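So you can see what is in the structure, the chains are spelled out below.
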Amino acid sequence: MGRPFSTKAGTLASLSSVLRSARIAPLLTFTVGEWQEAATRILAEIPARLGSGPWIVRSSCRREDGAEASNAGAFLSVANVRTDGLTDAIEAVVASYGAAISIDEVLVQPMLQEILRSGVAFTHDPTTCAPYRLVSWSDGADTASVTGGAGGKTWQQAALSPLPPPPHLAGVFRLLEELLQIFGGVPVDCEFAVTRDGDQEALWLLQARPLLMAGTPESEKRQAERLQRIHAKVARGMESHPFLMGKRTVYGVMPDWNPAEIIGVRPKPLALALYRELVTDAIWAYQRHNYGYRNLRSHPLMPHFFGLPYIDVRLSFNSFIPADLEDPLAGRLVDYYIDCLLNEPTLHDKVEFEIVFSCYTLDLQQRMSRLADAGFSKREQGEIADSLRRLTNRIVDPKKGLWRSDAGKLDVLNARREALFSSSTDPVERVYWLLEDAKRYGTLPFAGLARAGFIAVQMLRSLVAVGVFSQADHDAFLASVSTVGGQLAHDRAALGREAFLSRYGHLRPGTYDILSPRYDEAPDLYFDWNERPPEPRHQQPFSLTLPQMRSIVSLLEDHALQADPVGLFDFMQTGIEQRELAKFHFTRNLSDALSLIAEIGEQHGISRQDMAYCDIAAIKELHVAATDARDVLNRSIELGKTRYAETLAASLPPVISHPDDIWAFEWPETTPNYITQKEVTAPVVQCGDRQVLAGAVVCIPNADPGFDWLFSYPIAGLITAWGGANSHMAIRAGEIGLPAVIGAGEELFRRWSSARRLHIDCAGRRVEVLQ
């Protein structure tokens, strides 16, 4: 039986006689009643027992640090108090209690001096209920900067990790283990500080309280068993492979087909299975090979670790090598790409812009100059450039470019969907053919058009890099592009409810998530039909100046690119537009399939919530087999729920560069993508309450096109946790001139989305928390 928790002051007093791994500053505690009756005595007692100051006057209210509610930060503490300010500080702390009762306490301690680091530490992750030791800290004395989300670093380590913690955190880890032992295994939340003590460091415990969690803590043994299996899987994956270039791999949640953006870091089993089915198991490689890159067919791009999806980065980098590049040079190039990512892991959502050479651009020679530092000769650089030039000319070709035939497949997709729904087929067969058609005529051409769209954006950026365009020209061109998202905003202003939903009703914020309502399933959730938004400003057509036209003609000739300026700009505009259009059309098939899957579940007495745990393989089995449908579905759901419980308990870094990262890692701050050159200062809101969207910076988890409904409101800015520079929301924000921060990463997104007011400076590439 462990020692019980008390008030903040009571717990510290109880620990002061038994704690060995950290110091506790002398403390003096008195109740509100005692203060009201004997303030003069207490004011004299403080310097007599605690020295001449300065002191910190801290809250120790009965309503904080309890087993039911922590009320962390709800009450006041006043730091650096001198004798002449002591009465006012105590009165301010008592006033912060509101309706204080006489037994509520006030705690006074000497202020610590020469503080090097301070922070908070948990014995368990309150999100997953798993025994991950979490330490968040910042340099200096202000733990509020960490608890308030204003800054700091976070180290996460499994309870039974075979790795030692970083040396500067070793003392904090010893403290956590001792607190767990003292309190009988009850999860603990503590605050700490590290001060200079001569030529050594001293660790101080500032506070300890029970850590409130939503569920029962997982056992340390169960966590270790899971992580050992992931460690073994990662270690095997990082070995050399007979059919792949590159000596090793890296795993990431954002490179290439970025699962964190599309399905989230912990997708339900159905969403994970659908994304694999439609894209990452096979389609992704077919498209790359069709467009002239290496043949990676039969290689699944997206492994998952107990349901946490990752991209195999070596496989991705192999797929960006032109098929006609010789193997030895291709292998060195893949290794170079991986080394670049290992040196700068914050680029994991920008690998195609900052690391990989996947197409020929007007600034390619300048960008390839860094290859010389990696030992690539001039001849080898020339071979790479020539190979990329041939590939790009084939893709951009105005008559034979594959992107044109890919665009034509969308008409086939729509015609087959209409024929399917006009037939007498049952829901199971409809789901089967919706998904089969989505692959052949939807995601396969979408992948091709997305490749064309990416090359278009790369080419546009290169025009800025070589000085033909200014950044304003770049933004003006993007603003002139007419996408589905832009048309949606216009139609929301022009069309009535029924006509609008007929055209856009299939969209849902979670494209692969059966629990995410479609627009036409919950129209009042997304739109205020009583108030029609104003007509968005029309896109201004973009035109080249005569000097720009001449420069581009000369550049295209110098670089042996076969397109003329008109053909190039037609490709750039159409590539970006068609990419968004393809996504719009194939997601209709997917969205209809999800609605039918929910209907199939309902026919057998299974809720939509439970169907989210069903593997798509169960639906395919019903299509080919005469069997007990309810039994097939329920067995799949039961297995899915069991596996998803493991998913929820696992926590891994966004980039896995070594098998040991499974056990312990520091949460990174990524480098976000800033869209436009604008600034905005505005309150911060989540997307759930449409009444407060106007004039606000809206925070959403990913850059899914289903969030396009946000643009029917006059929002001031946008922040997403996940999403790349070429993601849907990046394009939409650039199109309408909206200041946006795309792909902030978990740490920065958590910090910024919890703020009350932000200043976003896109040109300066910074976000400032104002409140």
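Keep in mind the model is a prediction, meaning the values are calculated, not measured.

What counts and how
Residues numbered from 1 in each chain as written. Predicted model: local features only at pLDDT ≥ 70, side-chain atom pairs only at ≥ 80, totals over all residues. Heavy atoms only, no water. Pairing = 2+ DSSP bridges. Helix = DSSP H or I, 4+ residues; strand = E, 2+ residues; numbered from the N terminus. Axes fitted to C-alpha atoms, helices over the stretch in contact; angles between N-to-C directions. Salt bridge = Lys/Arg side-chain N within 4 Å of Asp/Glu carboxyl O. Buried < 20%, exposed > 50% of the residue type's maximum accessible area, 1.4 Å probe, protein only. Phe/Tyr/Trp six-rings, centres within 6.5 Å; stacked < 30°, edge-to-face > 60°. Parallel < 35°, antiparallel > 145°, perpendicular 65-115°, else oblique. Left-handed = near helix turned anticlockwise from the far one by under 90°. Contact = heavy atoms within 4.5 Å. Nonpolar A, V, L, I, M, F, W, Y, C, P; charged D, E, K, R; others polar.

Trainee: Help me get a handle on the sheet that holds strand β4 (residues 105-110), residues and values and all.
Mentor: Taken in spatial order, the four strands of this open sheet run β1-β4-β2-β3, and their pairing is antiparallel. Since the sheet does not close on itself, it has two edges, and those belong to β1 (28-31) and β3 (78-81), each with one partner. Put simply, the sheet's adjacent strands are angled 25° from each other on average, direction ignored. Across two bridges, the pairing between strand β2 (residues 55-60) and β3 is antiparallel. Looking at β3, one finds that valine 57 is bridged to valine 78.

Trainee: Talk me through the pattern of salt bridges; I want residue IDs and the actual numbers.
Mentor: Taken as a whole, this structure holds 37 salt bridges when the rule is applied. Between lysine 439 and glutamate 277 there is a salt bridge whose closest N-O contact spans 2.8 Å. Here glutamate 277 lies in helix α8 (residues 269-280) and lysine 439 lies in helix α17 (residues 427-465), a separation of 162 residues in the sequence. The pair lysine 439 / glutamate 277 is uniform in exposure class, with both members buried. Arginine 390 is paired through a salt bridge with aspartate 324; the nearest N and O atoms lie 3.0 Å apart.

Trainee: Just give me the short version of unusual backbone geometry, but keep the residues and values in it.
Mentor: Following glycine 53, the chain continues into proline 54 via a peptide bond in cis, with omega recorded as 5°. Residue position: proline 54 is located in the loop between α2 (32-50) and β2. A positive phi angle is found at serine 298, which is not glycine, with a value near 80°. With respect to the helices and strands, serine 298 occurs in the loop between α9 (283-290) and β11 (304-305). Owing to a relative accessible area of 70%, serine 298 belongs among the exposed residues under this scheme.

Trainee: Describe the pairing of strand β7 (residues 153-158), and please don't skip the residues or the numbers.
Mentor: The buried fraction of β7 amounts to five of the six residues, a majority that puts the element mostly inside the structure. The pairing of strand β6 (residues 132-139) with β7 spans six bridges and is classified as antiparallel. Paired with tryptophan 137 across the two strands is lysine 153, which belongs to β7.

Trainee: Please set out the packing of aromatic side chains residue by residue, giving values where relevant.
Mentor: Tallied over the full model, the rule gives 30 aromatic pairs. The interplanar angle of 90° and the centroid separation of 5.6 Å between the aromatic rings of phenylalanine 477 and phenylalanine 542 together place this pair among those described as edge-to-face. Here the residue phenylalanine 477 occupies a position in helix α18 (residues 471-480), and phenylalanine 542 occupies one in the loop between α21 (523-526) and α22 (546-558), the gap between them amounting to 65 residues. Using a relative accessible area of 2% as the deciding quantity, one classes phenylalanine 477 as buried.

Trainee: Account for the sheet that holds β7, naming residues and giving values.
Mentor: Strand order in the open sheet formed by six strands is β9-β8-β5-β6-β7-β15, with antiparallel pairing between adjacent strands. Whereas interior strands pair on both sides, the edge strands pair on one side only; in this sheet they are β9 (200-210) and β15 (664-667). Strand after strand, the sheet turns through a mean of 20° between neighbouring axes, direction not considered. Here strand β5 (residues 115-122) runs beside β6; their pairing, made up of six bridges, is antiparallel. Bridged to serine 118 within β6 is serine 138.

Trainee: Lay out the packing of α17 against helix α25 (residues 616-624) in plain terms, naming residues and giving numbers.
Mentor: Axis separation between α17 and α25 bottoms out at 9 Å; the angle between their running directions is 120°. Classified by the angle between their axes, α17 and α25 sit oblique to one another. Note on packing geometry: the crossing formed by α17 with α25 is left-handed. Along its contact with α17, which presents Val428, Glu429, Val431, Tyr432, Trp433 and Leu435, the element α25 presents Ile616, Ile619, Leu622 and His623. Looking at side-chain class alone, the contact of α17 with α25 contains eight nonpolar, one polar and one charged residues.

Trainee: Account for the side chain of histidine 474, with residues named and values stated.
Mentor: Structurally, histidine 474 is set in helix α18. A residue is classified by how much of its surface remains accessible, and histidine 474, at 11% relative accessible area, is buried. Histidine 474 has contacts with Leu460, Arg461, Val464 and Phe469, leaving out every residue within four places of it along the chain.

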